[in-house]
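Fold and geometry: a report
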Amino acid sequence: MKSDRHLVPLKPAMGPNGACPHCASTEVTATGSWFPGIHVLGRYTCRSCGSSFVRDLPVSHALAHPVTATPQGQVLDPQQVPEWIRDAFQRGIRDLKADEVRIERRVFREHRRVVVLNTLDFLYGHVLLKLYNALHYIDRHPDLGLVVVLPRMYAWLIPDGVAEAWIVDLGLGRLQGWYPAIDRFVQERLAGYDEAYLAPAYSHPDVAGMDIARFTGVKAFDPDRFNTEPLHVTFVTREDRLWFRNPVTRFLHRACNRLGLRALSGPLVVGDQDRLVKATMRKVRRHDPSATFSVVGLGDARIRMNGVDDLRTRSMNVEVEKAWCTAYGRSQCVVGVHGSNMLLPTAHAGACIEILPRQRFENIVQDITVRYEGRAVLFHYRFVGDHATPTEVALHIRSLREHRPVFMRNNHELVF
Ligand SMILES: [Zn+2]
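Reference entry: report on the structure contained in this document. (Residues numbered from 1 in each chain as written. Predicted model: local features only at pLDDT ≥ 70, side-chain atom pairs only at ≥ 80, totals over all residues. Heavy atoms only, no water.)

The next subject is the coordination of the zinc ion. Note on the zinc ion: its protein donors are Cys20 (SG), Cys23 (SG), Cys46 (SG) and Cys49 (SG). The metal-donor distances range over 2.3 Å. Because the angles between the four donor atoms bound to the zinc ion fall within 103 to 114°, the donor set is best described as tetrahedral. Read in sequence order, the donor residues for the zinc ion give the motif C-x2-C-x22-C-x2-C. (Donors = N, O, S within 2.8 Å, 3.2 Å for Na, K, Ca; no water. Tetrahedral: all angles 85-135°; square planar, octahedral: opposite > 155°, others 65-115°.)

What follows is about unusual backbone geometry. Most of the time, phi is negative for any residue but glycine, and the peptide bond is trans. Look at the link from Lys11 to Pro12: it is a cis peptide, with omega at 10°. With phi around 50°, Ser60 is a residue other than glycine that occupies positive phi space. Tracing the chain through its elements places Ser60 in the loop between strand E4 (52–56) and strand E5 (68–69). Look at Ala201: it is not a glycine, yet its phi comes out positive at around 45°. The residue Ala201 is located in the loop between strand E10 (195–198) and helix H5 (213–216) in this model. (Helix = DSSP H or I, 4+ residues; strand = E, 2+ residues; numbered from the N terminus.)

Look at helix H7 (residues 262–287) against helix H11 (residues 390–402): their axes get within 8 Å of each other, and the N-to-C directions meet at 45°. One way to sum up the angle between H7 and H11 is to call them oblique. In this structure, H7 meets H11 at a crossing whose hand is right-handed. Where H7 approaches H11, its residues Leu276, Ala279, Thr280, Lys283, Val284 and His287 are matched on the opposing element by Pro390, Thr391, Val393, Ala394, Ile397 and Arg398. When its residues are assigned to classes, the contact of H7 with H11 shows seven nonpolar, three polar and two charged. (Axes fitted to C-alpha atoms, helices over the stretch in contact; angles between N-to-C directions. Parallel < 35°, antiparallel > 145°, perpendicular 65-115°, else oblique. Left-handed = near helix turned anticlockwise from the far one by under 90°. Contact = heavy atoms within 4.5 Å. Nonpolar A, V, L, I, M, F, W, Y, C, P; charged D, E, K, R; others polar.)

So, on to the environment of Arg55. Within the secondary structure, Arg55 is located in strand E4. A sequence separation of 15 residues divides Arg55 from Val40, and the C-alpha atoms of the two residues are 8.5 Å apart. Every residue in contact with Arg55, bar those within four places of it in the chain, is listed here: Asn17, Gly18, Ala19, Pro21, Leu41, Gly42, Tyr44, Val67 and Thr68.

Now the structure itself:
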């Protein structure tokens, strides 16, 4: 979080946001903001050609890919925007959801000048990554009250120091929609402030050194105790993103999925993933007999071995979230398959071994909360191929402990 791009002014006046898409004139007047959910847009009128348009304000994913459209929802710069953003934008703006949306306003401190951090998104990790931005405003902009807009399921993560939270009662799946009700709520609230800004809400903020306990209330693993604490490793499992033993099992499972036979292959591959996890545990214990383990994830707790806490469940609540975070926080290392469910584990654990399927190379590191800086990052965050063997994973776990003291002794930062 070293960069501090200017806040985006909403009130008393909005700032410039590019030229007219029709005539390229910069004589453009902002007539207001529009806050229907994930996107926050400005409404504009061109003083030169008289046309009106809407454009994403430069926050979050729109920093890299702002979309411009007619007020009726026709995207005007389709070539400039990746398909996944353009299509979702088009669907949203053309199919506005008339539903009433319950939004709870929690006021912790009254402020006349505020910065609004919009974390709304339909992807679990996107919300969390945007929420990480909150600490920057709490610590660096104490003159502004921070207003966090977030989905209900993240309310347990609201950090101390937030001025207000606007908690939106929509599940992630429904947050793809654009809701005039959300905009009405926001505009009503904005009217009450003297000054309001929008936070850039970086989608992949650099958070080295961040104290995750400010969100979860659970202390992260202290890296200074890497070799003095007994070894604990947490496996993060998913049934929808699996650790496959080999390409054949993956192929057969995918083929069954396509044929509607998931019920047949699902239990087999999930069971095989458990075997890979257990084999890794046994191999770790060959060198470190006192090692203990946790297993988390949405699923049935099935591993019954001494020294293994299988914390898997199919019903999530805040107590489960905290119990999982507590497991990460006592772990030198977490092991899991690439995906946004690795964000909180890596925010708390000392290190990580991630199974990264080749189809996900373009998303490398997006799902990791990187706690360190410089060369230490490469030491503590290790990526293995999609069919990594238990032997390979166990060797990395062993290496993290055995080789870390020498690595840390040798690792000197030069200041230029
Ligand atoms: Zn124009």
